Amino acid sequence: KERTKGFSPFVNVGGTAGYKPVPLKKRDGLVWFFDIKGGEQNMGEKKVVLAYSGGLDTSVAAMWLTEQGYEVITMTADVGQSVDLEKAKNKALHSGASKAYVMDLKKEFVKEFVWPALKANALYQGAYPLNSALSRPLIAKAMAAVAKKENAGAVAHGCTGKGQDQVRMEVCTNALNPELVVLAPVRDWHFSREAEMEYAQAHGIPVLATTASPYSIDENLWGRSIECGILEDPWNEPPSDAYILTVDPWNAPDHQEFVEISFEKGIPVALNGEKMDGIALIQSLNNLAGKHGVGRIDMIEDRLVGFKSREVYECPAAITLITAHKALETLTLDKKVLAAKKEMETKFAELTYEGYWYSPLKESIDSFINTTQEYVNGVVKVRLYKGQAVVRGMKSPSSIYQMNIATYSEGDVFDRSNWETSC
Ligand code: ARG
């Protein structure tokens, strides 16, 4: 019997119907407007908010939507990617946009998305820290907020029809404000890359074909995703030009380096004893661990749209932090909680991957995970060396490890008589 190579790409985007997201308006004093629904709205049918990266796809999308008679307002999210935001803004305005928003979402990204994922040790298929997947619900939220502010009836994204980013943007938008229409010009028009470039040139959009990356890249504080081109053949080793945040472990320093990470309730708060905010902590760790080649991931991933794809990631801080956090949990959580949490972690990662960030199940899992993190306090010493982050020591005020019971040396207080009959 012939093996099926995948399933037909049926995407159920209706699963969050009826779900009412918790109002997140100015939660914890963050300067951020989450007032997405409600109020008298007369949503402009021909006004659209486009998620804009500054790249070719979204620039062509801006121009194309303008030509279709839309007033286009762009929203560029700063989630810590290495992009000149001022340039992106100007480019948007040269690509037909009537207004260009650039929103610094780094703080919200870390607090509301990255830390919950870290608490859940979230790794899709045991390997991918979900860096790209985690930014989508935040971008969808920012888009919905701008749409509300600008009285726009639609949002648009530049995702192709082959990945899960389109699904995430649509499922999340639906959960946040089902009245918004979601447009996907890049998915619908079937332009080839060459045709896009021609279109851009004809419309005066600056294209830097020579510097165009041979890969599809998505980047933020939690890591960098690299896809397409030569990577599509799983036999090909990723070329060195695919990486920016990490060195090849082969070329990494010949000496080890230690980093001590302090956690409070599952969240990292200091590096080597120095207190830092989340953004600075992740950035420093990206540098430190990246220098030692830590955090390269090369995997065959099962996409939501029904096929396997070869994916390369570099996530130095994410891998180091997840390694440390997981270890600290073994010291501070009991056996049964650890076992149940493992199941929740898998579910959390799958839901995030599939775009169900704003969903009842995901919120229930969050509650469970937050309860467990009460005791995840302490310091983990990690050795960075030639592509590996290895835990070399840990201590915790909430440790439930009892040395006087575990010891095989003098001072042993373990009562063996308890087990004489049962072992
Ligand atoms: N495969 C990853 C995911 O679906 C990475 C997506 C990266 N996006 C991109 N446009 N390159 O989460």
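Everything quoted here is computed from the prediction, not taken from an experiment.

Another point: the site of the ligand. Surrounding the ligand, one finds 13 residues, the nearest of these being Tyr128, Ser216, Glu227, Glu301 and Glu311. Within the side chain of Ser216, a nitrogen or oxygen atom sits 3.0 Å from a nitrogen atom of the ligand. In this structure, Glu301 approaches the ligand through a side-chain N or O atom, which is 2.8 Å from a nitrogen atom. Relative to its free-state accessible area of 350 Å², the ligand is covered by the protein chains to the extent of 90%. For the shell around the ligand, the elements supplying multiple residues, two or more each, are helix 4 (131-150), helix 5 (165-176), strand 6 (216-220), strand 7 (223-227) and strand 12 (308-314). Its residues assigned to classes, the shell around the ligand comprises three nonpolar, four polar and six charged.

Turning our attention to the pairing of strand 6. Residues in a regular strand project their side chains so that they alternate between the two faces of the sheet. As defined by bridge partners, strand 6 adjoins strand 7 across five bridges and the pair is classed as antiparallel. Residue pairing in the sheet places Glu219 in a bridge with Arg224 of strand 7. The turn linking strand 6 back onto strand 7 is made up of two residues.

This paragraph deals with unusual backbone geometry. The phi angle at Gln125 is positive, at roughly 50°, despite the residue not being glycine. Along the polypeptide, Gln125 turns up in the loop between helix 3 (106-119) and helix 4. We note that Asn151 has phi near 60°; this positive angle belongs to a residue other than glycine.

Another aspect to go through is the confidence of the model for the chain. In the predicted model, the chain carries a mean pLDDT of 88, and 87% of its residues have values of at least 70. This stretch, residues 6-42, has a pLDDT under 50; its non-local contacts, to residues over four places away or in other chains, come to 65 contacts.

What follows covers the packing of helix 3 against helix 4. As a packed pair, helix 3 and helix 4 sit with axes 10 Å apart at the nearest point and diverge in direction by 130°. With respect to helix 4, the axis of helix 3 lies oblique. Of the two elements, helix 3 crosses helix 4, and the hand of that crossing is right-handed. On helix 4, the residues touching Glu108, Phe109, Phe113 and Ala117 of helix 3 are Asn131, Leu134, Ser135, Pro137 and Leu138. Considered class by class, the residues forming the contact of helix 3 with helix 4 number six nonpolar, two polar and one charged.

What follows deals with the nonpolar core. One finds Met75, Phe109, Leu130, Trp222, Ile261 and Leu321 to be the most contacted residues of the largest nonpolar core, which totals 83 residues. At ten residues, the largest contribution of residues to this core is made by helix 4. Beyond its immediate chain neighbours, meaning those up to four positions away, Leu321 contacts Trp115, Leu118, Trp222, Ile261, Phe263, Pro268, Leu281 and Leu285.

Let's shift gears to the packing of aromatic side chains. Scanning the model with the defined rule gives five aromatic pairs in all. The structure contains a cluster of three or more aromatic residues connected by ring pairs, namely Tyr124, Tyr128, Tyr313 and Tyr353. For Arg296, the ring lying beneath its charged end belongs to Tyr243, and the centroid distance is 3.5 Å.

Our focus in this paragraph is the sheet that holds strand 8 (residues 257-264). Read from one edge of the open sheet, five strands run 10-9-8-13-14, paired in antiparallel fashion. Of all strands in the sheet, those bounded by a partner on one side alone are strand 10 (274-275) and strand 14 (388-395). Inspection of the sheet shows strand 8 paired to strand 9 (residues 267-271) by four bridges, in the antiparallel sense. Looking across to strand 9, one finds that Glu264 is bridged to Ile267. Here helix 9 (residues 316-332) sits on the sheet in contact with strand 8, strand 9, strand 13 (378-385) and strand 14, set at roughly 35° to strand 14.

Read across the open sheet, the four strands follow the order 6-7-12-11; overall the sheet is antiparallel. The sheet is open, and its two edges are formed by strand 6 and strand 11 (296-302), each paired on a single side. The mean inter-strand angle of the sheet, taken between neighbouring strand axes irrespective of direction, is 20°. The pairing of strand 11 with strand 12 spans seven bridges and is antiparallel. Within strand 12, the residue paired with Arg296 across the bridge is Glu314.

Across the interface, helix 4 lies against helix 5 with an axial gap of 9 Å and an inter-helix angle of 40°. With respect to helix 5, the axis of helix 4 lies oblique. Relative to helix 5, the crossing made by helix 4 is right-handed. Across from Ala133, Arg136, Pro137, Ile139, Ala140 and Lys141 in helix 4, the residues of helix 5 making contact are Asp165, Arg168, Met169, Cys172, Thr173 and Leu176. Within the contact of helix 4 with helix 5, the residues separate by chemical class into seven nonpolar, one polar and four charged.

Bridge count for strand 8 against strand 13 is seven bridges, and the pairing is antiparallel. For Glu257, the partnering residue across the bridge sits in strand 13 and is Leu384. Strand direction decides the pairing type here: strand 13 and strand 14, joined by seven bridges, are antiparallel. Across the sheet, residue Val380 finds its bridge partner in strand 14, namely Met394. Taken together, strand 13 and the strand that follows it, strand 14, pair antiparallel across an intervening segment of two residues, in which Lys386 is found at a positive phi of about 50°.

Conventions and cut-offs
Residues numbered from 1 in each chain as written. Predicted model: local features only at pLDDT ≥ 70, side-chain atom pairs only at ≥ 80, totals over all residues. Heavy atoms only, no water. Near = heavy atom within 4 Å. Polar contact = N/O pair within 3.5 Å; in protein donor to acceptor, adjacent residues only side chain to side chain. Areas by Shrake-Rupley, 256 points an atom, 1.4 Å probe, with all protein chains shown as cover. Helix = DSSP H or I, 4+ residues; strand = E, 2+ residues; numbered from the N terminus. Nonpolar A, V, L, I, M, F, W, Y, C, P; charged D, E, K, R; others polar. Pairing = 2+ DSSP bridges. pLDDT = per-residue confidence, 0-100. Contact = heavy atoms within 4.5 Å. Axes fitted to C-alpha atoms, helices over the stretch in contact; angles between N-to-C directions. Parallel < 35°, antiparallel > 145°, perpendicular 65-115°, else oblique. Left-handed = near helix turned anticlockwise from the far one by under 90°. Core = buried A, V, L, I, M, F, W, Y, C linked by side-chain atoms within 4.5 Å. Buried < 20%, exposed > 50% of the residue type's maximum accessible area, 1.4 Å probe, protein only. Phe/Tyr/Trp six-rings, centres within 6.5 Å; stacked < 30°, edge-to-face > 60°. Lys NZ or Arg CZ within 6 Å of the ring centre and 35° of its normal.

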